[in-house]
Amino acid sequence: MRLWTIFAGAGVATAGLCVALWAAPGKGAPPPTKVPRQLSIIDKPIDFGKERTALTISYRRAHYGDDRDSVTIEPRMIVLHWTDTPSFKSTWNGFNRVRASASREKLAAAGDVNVSAQFVVDRDGTVYRLMPETTMARHTIGLNEVAIGVENVGSAERPLTDAQVEANILLVRDLAARFPITHLIGHSEYRAFEGHPYFRERDPKYRNQKPDPGKTFLARVRKGVADLELQGPPAPPAKGAPGTPGAPRGAAPATAPGPALAVDHVYIVSRIGDGVPDDSPKHARVDQPVTLLALLAVGGTFYSDAAEVRLGKRTVRARPLAEAGAVQLSWAKLEPTSDNLSNTGTGTFSYQSIDYALTALPGWAGRGSVVADVRPTLTPDRSPAGGPGLGTMRFQLTVRAGDRSVVSAGIKARRGRGSGGLEDSVHRVSLRRDDSYLGWLTELYGQPYIWASAGSTARTHQSERLEGSDCADFVTYGWRRLGHDVPYTWSEGLKQYTTRLHSGAAREDGVYVDARGRPIPFPKAGDLILFTRHVGALTVDRGVPGVLDLEDLMMHALFQSPAEETIRASGYGGTPIEVLRWKQ
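So, here's what we can say about the structure. (Residues numbered from 1 in each chain as written. Predicted model: local features only at pLDDT ≥ 70, side-chain atom pairs only at ≥ 80, totals over all residues. Heavy atoms only, no water.)

## Description of the overall build of the chain
- Counting secondary structure elements, the chain contains eight helices and 29 strands.
- Counting all 584 residues of the chain, 50% fall into the buried class.
- A separation of at least 24 residues holds for 66% of the contacts in the chain among residues at least 6 apart in sequence.
- As displayed, the chain has an accessible area near 26100 Å², and 52% of this comes from carbon and sulfur atoms. (Helix = DSSP H or I, 4+ residues; strand = E, 2+ residues; numbered from the N terminus. Buried < 20%, exposed > 50% of the residue type's maximum accessible area, 1.4 Å probe, protein only. Contact = heavy atoms within 4.5 Å. Areas by Shrake-Rupley, 256 points an atom, 1.4 Å probe, with all protein chains shown as cover.)

Here's what the structure looks like:
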C-alpha cells in the first residue's frame, strides 16, 4: 500500500508537492476529527491481472466498439458515486472480485468484468486509489472510456460526511491539474450524456437509474471547485427543439432536421478571416481567427456553411449544411501524446513514429463551423500564462448519419518513410504570436521535442512539417519562415550561418562576462545563445538591465515542447556561451 500526500493551500492542490511514503496496511493514526485540509492518497490496488484485463478489453469492444487490446483511457471527466456499502473494507472486497456477481443479473448479462472505480473515499476523508487513473474501470454506463470514478463510502441512509466533501474537493483539484478534465458529474446525471460525444454505449437497452452521490453532496463539491469551471451534465434541449443534448447555446443543432443523406466523404476546410475556405494547412497570427468548417460530399454534391470551397486546385459550390439532413457532427483535436521523442532511441537513426490521440471537443458538437483552438490538452500548454493559445494543432471531424459514421483524415494518414508524423490531409492550423522571427518560432509550440529531428530535404524536414524539432532545428525554423534559405543543421553547424557577437561564461552572480571579465551586453531579441550542444533564441532582457545574465529569457526546445524560460531554468547556465546573430 503506497501513501501519497498532496498539500493544498487554500483548497488548491499545489503542483510539485507530491511526497511518496510507505505505510503498513491496516495501521496508522486514528481517523482525523476535523475536516482534512491535506489529501492523503493511499494506493490499495484491487486485482487487475490477466483475467480482469482480458474481460475489460472484451467489455470495451462489446459496449464501445473499441478494437484496441488496451485498458488505457484518456480521462476527461470525473464521476462521483456513493458505494451503498457499510465500510471501505466491504467496498474493496466487492471491487476486488474480478467477475461480476451472478446475483446481479442485469449487470452480469452486460459483461463478465466486475464493477470497480479508480478511487474510494472513506468516511473519514481518506482516499484510496484502487487502480491507475488511466486504467478503465466499469462504474458508469457509456462513459467508462473517458471517466475517472470516485466512490464514497455511504448511501442515502448514511449521507456522505464533511470530511468526504473536503477530500473530494481536493481530489478533483488534483485530478484536474494532472489531466484535461472537462466535466464533473454525479452518477445520477450520466444519462444526460446520451447523444453527447463522450457517451459511447452501443446497447440502447443497457441503462439504469442512479441517485448517488446525493444532490447536497454534489452541490457542495461543485461549489468547492467552482473556480475550475468544470462542466456539469448537458442541459436538455427545449421542448420541441432540435439538437443533441449538450449542444452549446447558440450552436447549430447537432442533428439537422430531415432524413440523413448518405455521406461519402468528410473534409475539414478553413479560412483566415473572411477568405474562401480551403483544405490547405493554415499559418496565421493569433489575432487572425481561423475558422474550421465541415464539408460533406454526397455523390457529386457538397454541403457546408460556406457557399464556395477550394479543394486542392478545384473550386466547388456547396449547398447549405442544413440540407444534409439528420447528421451529427463531432469535432476532435488530434494531438501528440508525448512531448519528448528521439529518432536515435534504438541506438541507430530511424524516424520515431509520433503517437497521436483524439481529444473530443464536446463544446463544438453539432457546429458546422468553429474557431480553431490550438492549445494542447495531452501535453503541457506552454503558451504564455493568461495569453492566447500559440502553436500547432491538427483536427478531425466525424459525421454520423443513422448507424454509419464517416471521418475526415486522421491517425491512419501517416506520411510513411522519412517522417514520424501525419499527412497534410489531416487538417492543421498554426497560430503564431506575430510576424517577427520569434513570433514564427511559436508555431512549434505544442509539438514534441524530437532528438535528431530530420528530413531528406529542408522542405520535407520534420520541423518544416511542424511535427516537432530539436533545439537547433527549432531556432532554424523561424529564420526559414522569414524567407531565408538556410538548411536545418545541428547546434554547432549554426555557426556557418551566423556572426559571433560575444563569448564568455557566467560569474557567480549570474552575469555573463567575456575572457577579460567584462559583462556581456544583452544583444537584441532574436539573437541566439549557443551553449555546449544546445541553443536557444534570446527574447527578453529580464535580469540586470542591458547585461546578459541567467535571469534573461530565451525560447528553446529541450526534452519537452518549446517554451520560453530563464537561461537559469534551462540547466545550461554553467556552460560557456557564444552569442550569435543570423546573417542577412
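## Structural notes on the pairing of strand β4 (residues 77–82)
- The buried fraction of β4 amounts to six of the six residues, a majority that puts the element mostly inside the structure.
- Of the two faces of β4, the one carrying M77, V79 and H81 and the one carrying I78, L80 and W82 are both buried.
- Where β4 lies against strand β7 (residues 147–152), six bridges are found, and the strand directions are parallel. Residue pairing in the sheet places I78 in a bridge with I148 of β7.
- One ladder, built from four bridges, connects β4 with strand β8 (residues 183–186); its direction is parallel. Its bridge partner lying in β8, L80 is registered against G186. (Pairing = 2+ DSSP bridges.)

## So, the sheet that holds strand β27 (residues 553–556)
- With antiparallel pairing, the seven strands of this open sheet are ordered in space as β24-β23-β29-β25-β26-β27-β28. Looking at which strands have only one partner, the edges of the open sheet turn out to be β24 (512–513) and β28 (563–566).
- Examined bridge by bridge, strand β23 (residues 498–506) and strand β29 (residues 577–582) share six bridges and lie antiparallel to one another. By the bridge assignment, T499 is partnered in β29 with R581.
- Across the sheet, helix α7 (residues 471–481) lies against β25 (528–531), β26 (534–540), β27 and β29, angled at about 50 degrees from β26, the strand it touches most. (Axes fitted to C-alpha atoms, helices over the stretch in contact; angles between N-to-C directions.)

## Quick notes on the pattern of salt bridges
- Applying the stated criterion across every chain yields a total of 37 salt bridges.
- The closest approach of N and O atoms between D43 and R129, which form a salt bridge, is 2.7 Å. Here R129 lies in strand β6 (residues 127–129) and D43 lies in strand β3 (residues 38–43), a separation of 86 residues in the sequence.
- Taking the relative accessible area as the measure of exposure, D43 reaches 16% and is therefore buried.
- With a relative accessible area of 12%, R129 lands in the buried category. (Salt bridge = Lys/Arg side-chain N within 4 Å of Asp/Glu carboxyl O.)

## Side note on the side chain of T575
- You can see T575 is positioned in the loop between α8 (567–570) and β29.
- A polar atom in the side chain of T575 sits 3.0 Å from the backbone oxygen of Y572.
- The contacts of T575, once residues within four sequence positions are left out, are Y512, F531 and T532. (Polar contact = N/O pair within 3.5 Å; in protein donor to acceptor, adjacent residues only side chain to side chain.)

## Points about empty space enclosed by the protein
- Taken as a whole and assessed by the stated rule, the structure comprises two cavities of 30 Å³ or more.
- Taken as a whole, the largest cavity encloses approximately 50 Å³ of empty space.
- Lining of the largest cavity is provided by F48, R52, T56, Y59, V113, N114, S116, M136, A137 and R138.
- Its residues placed into classes, the lining of the largest cavity shows five nonpolar, three polar and two charged.
- If you add up the space inside the second largest cavity, you get close to 30 Å³.
- Lining the second largest cavity, in full, are P376, P380, D381, R382, S383, L390, Y445, G446 and P562.
- In terms of residue class, the lining of the second largest cavity is made up of five nonpolar, two polar and two charged. (1 Å grid on protein atoms, 1.4 Å probe; cavity = no way out; pocket = protein on both sides within 12 Å on 5 of 7 lines; lining within 4 Å. Points joined across faces, edges and corners; volume = space filled by probe spheres on them. Nonpolar A, V, L, I, M, F, W, Y, C, P; charged D, E, K, R; others polar.)

## Some details on the packing of helix α4 (residues 162–178) against helix α5 (residues 215–224)
- Closest axis-to-axis distance for the α4/α5 pair is 9 Å, and the angle between their directions is 45 degrees. As far as their axial angle goes, α5 and α4 are oblique. Between α4 and α5 lies a crossing whose hand is right-handed. Touching D162, Q164, V165, N168, I169, V172 and R173 of α4 are F217, R220, V221 and G224, all from α5. (Parallel < 35°, antiparallel > 145°, perpendicular 65-115°, else oblique. Left-handed = near helix turned anticlockwise from the far one by under 90°.)

## A closer look at the packing of aromatic side chains
- Per the stated rule, a full pass over the model turns up 11 aromatic pairs.
- Cation over ring: R432 sits above W440, and NZ or CZ is 3.9 Å from the ring centre. (Phe/Tyr/Trp six-rings, centres within 6.5 Å; stacked < 30°, edge-to-face > 60°. Lys NZ or Arg CZ within 6 Å of the ring centre and 35° of its normal.)

## Describing the environment of S304
- Note on placement: S304 falls in strand β12 (residues 301–304).
- Accessibility expressed as a relative area gives 2% for S304, which makes it buried.
- For S304, the residues in contact, after removing those within four places along its chain, are L293, A294, L295, V309, A318, R319, P320 and L321.
- Reaching out from S304, the side chain makes a polar contact with the backbone oxygen of A294 at a distance of 3.0 Å.

## Points about the side chain of H556
- Along the chain, the position of H556 falls in strand β27.
- A distance of 2.7 Å separates a polar atom in the side chain of H556 from a polar atom in the side chain of E565.
- Excluding residues that lie within four positions of it along the chain, H556 makes contacts with F474, H534, V535, G536, P562, A563, E565 and S570.

## Description of unusual backbone geometry
- Following D212, the chain continues to P213 via a peptide bond in cis, the omega torsion being 10 degrees.
- For P213, the position within the fold is in the loop between β8 and α5.
- Positive phi is not limited to glycine here, since D84 has a value of about 60 degrees.
- For D84, the position within the fold is in the loop between β4 and α2 (88–96).

As far as function goes, none of this settles anything; it's purely spatial.
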